[in-house]
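# Secondary and tertiary structure notes
Below, each chain spelled out in residue letters.
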Amino acid sequence: MSHPLIEADVRANLCLHDIADDPSSIYTLPMSYLVAIIDGLQAQGIADRVRIYFDDGYASVLEAVQTLRTRAPEIEIVLALTLEFLGQPGRIVWSDIDPLYDAGVGIAGHGREHLHMAELSDEQNLAQLVASRDALARYGADEFVFPYGSYDDRVVDLNDRHQLFKVMTTIDYGWDHGQALRPRLMATTEMTAGEVVARLASPD
Ligand SMILES: [Zn+2]
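From a predicted model like this one, the values you see are computed outputs, not experimental measurements. The written sequence of each chain sets the order in which its residues are numbered from 1. Whole-chain, interface and lining totals are the exception, using all residues; otherwise, since this is a predicted model, local features are given only for residues with pLDDT of at least 70 and side-chain atom pairs are given and counted only at 80 or more. As a convention, hydrogens and water are excluded, and side-chain values are obtained from all of the structure's heavy atoms.

## Section: the coordination of the zinc ion
Heads up, the condition is: The rule for donors is simple: an N, O or S atom within 2.8 Å of the metal counts, and for Na, K and Ca the reach is 3.2 Å. Water is not among the atoms, so a site may look short of donors. Any residue under 20% of the maximum accessible area for its type is buried, any over 50% is exposed, and the rest in between are partly exposed; the area is computed with a 1.4 Å probe on protein chains only.
Within the protein, the zinc ion binds to Asp-56 (OD), His-110 (NE2) and His-114 (NE2); these donor distances fall in the range 2.0 to 2.1 Å. On the primary sequence, the residues serving as donors to the zinc ion are separated as D-x53-H-x3-H. Overall, His-110 belongs to the buried group, its relative accessible area being 1%.

## A word on helix H2 (residues 31-44)
In plain terms, the rule: Where helices and strands are cited, they refer to DSSP runs of H or I of at least four residues and of E of at least two residues respectively, numbered from the N terminus. For a helix, the expected span equals 1.5 Å multiplied by the residue count minus one. By the convention used here, residues are in contact when the closest approach between their heavy atoms is within 4.5 Å.
Between its terminal C-alpha atoms H2 stretches 20 Å, which fits the 20 Å expected from 14 residues at 1.5 Å a residue. Against the buried residues of H2 lie strand S1 (12-16), strand S2 (50-55), helix H3 (61-71) and helix H7 (193-199). A positive phi of about 70 degrees marks Gly-45, the residue just after H2.

## Quick look at the packing of H2 against H3
Threshold: To obtain each axis, a line is fitted to C-alpha atoms, and for helices this fit is confined to the stretch in contact; angles are then taken between N-to-C directions over 0 to 180 degrees. By definition in this entry, angles of less than 35 degrees are roughly parallel, angles greater than 145 are roughly antiparallel, angles of 65 to 115 are roughly perpendicular, and the rest are oblique. Less than a right angle of anticlockwise turn of the near helix away from the far helix marks a crossing as left-handed, whereas a clockwise turn marks it as right-handed. Under this grouping Gly is polar, as are all residues other than the nonpolar Ala, Val, Leu, Ile, Met, Phe, Trp, Tyr, Cys and Pro and the charged Asp, Glu, Lys and Arg.
Viewed as axis vectors pointing N to C, H2 and H3 meet at an angle of 25 degrees, and their least axial separation amounts to 11 Å. Judged on the interaxial angle alone, H3 and H2 are roughly parallel. Considering only the axes of H2 and H3, their crossing is right-handed. Residues Met-31, Leu-34, Val-35, Ile-38, Asp-39 and Gln-42 of H2 lie in contact with H3, whose contacting residues are Glu-63, Ala-64, Thr-67, Leu-68 and Arg-71. Here the residues of the contact of H2 with H3 are counted per class, giving 6 nonpolar, 2 polar and 3 charged.

## As for the pattern of salt bridges
Worth spelling out the cut-off: By definition, a salt bridge exists where a carboxyl oxygen of Asp or Glu is found within 4 Å of a side-chain nitrogen of Lys or Arg.
The tally for this structure, following the rule as stated, stands at 13 salt bridges. The salt bridge partner of Arg-51 is Asp-176, with a shortest N-O separation of 2.9 Å. Highlighted residues: Arg-51 in strand S2 and Asp-176 in the loop between strand S6 (167-169) and strand S7 (181-182), separated in sequence by 125 residues. Exposure class is identical for Arg-51 and Asp-176. Each is buried. We note a salt bridge from Asp-134 to Arg-133, for which the minimum N-O separation is 3.1 Å. Bridged by salt links that share partners, the residues Arg-11, Arg-51, Glu-76, Glu-143, Asp-176 and Arg-182 form one connected network.

## Here's the deal with the pairing of strand S3 (residues 76-81)
This is how the line gets drawn: Strand pairing requires that DSSP identify at least two bridges connecting the strands. Orienting the strands away from the viewer, one traces the path from the first strand over the helix to the second; a clockwise path indicates a right-handed crossover.
In terms of residue burial, S3 counts as a mostly covered element, since 5 of its 6 residues are buried. Summarising the sheet, S2 and S3 pair through 5 bridges and their orientation is parallel. Each bridged residue has a counterpart across the sheet, and for Tyr-53 the counterpart in S3 is Val-78. Pairing of S3 with strand S4 (residues 106-109), which is carried by 4 bridges, proceeds in the parallel orientation. Within the sheet, the bridge partner assigned to Val-78 lies in S4 and is Gly-106. Read as a crossover between parallel neighbours, the route from S3 over helix H4 (residues 94-102) to S4 is right-handed.

Structure below.
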């Protein structure tokens, strides 16, 4: 009996933030949690169907990527980077990106600043999208991850009109059939690692 993700021939995406043993918010998860997710995905035989995102460029992503690469090289990794966070305390710096990119880690835009795009004007949103595209073009960034998961039809239309990113990525959960509005499941301390892995068996 194969896993529903395999039967449906789809993928799933997980959104993580900071990985630290001293949780400062519901978005900070310990390394043991990440390892439990990896083990759970591999036990279900679905690690190669799951993409793991690290949003916001926390410095902990360096160790997290190493752990993933060592334990589960079949898991695709994407970093969603907000430009103004780079180089701030506790965050990665620009020179960290090259070795990650060279190691096959995907790079996605996540705003010049980290703003609720559903609350911005078209002009403001365009500036966020263009700055992200221009700064990350050398990493082949063709994906934009909405900060806070905040978006509306306007920002999606705006991106289409200006042909900036191929994929726009949410934190609305669902299976990934390759649609241009990409679903993700956001993991927080409110779910156990086992619950996160179990959730992937369901399409919505
Ligand atoms: Zn973010």
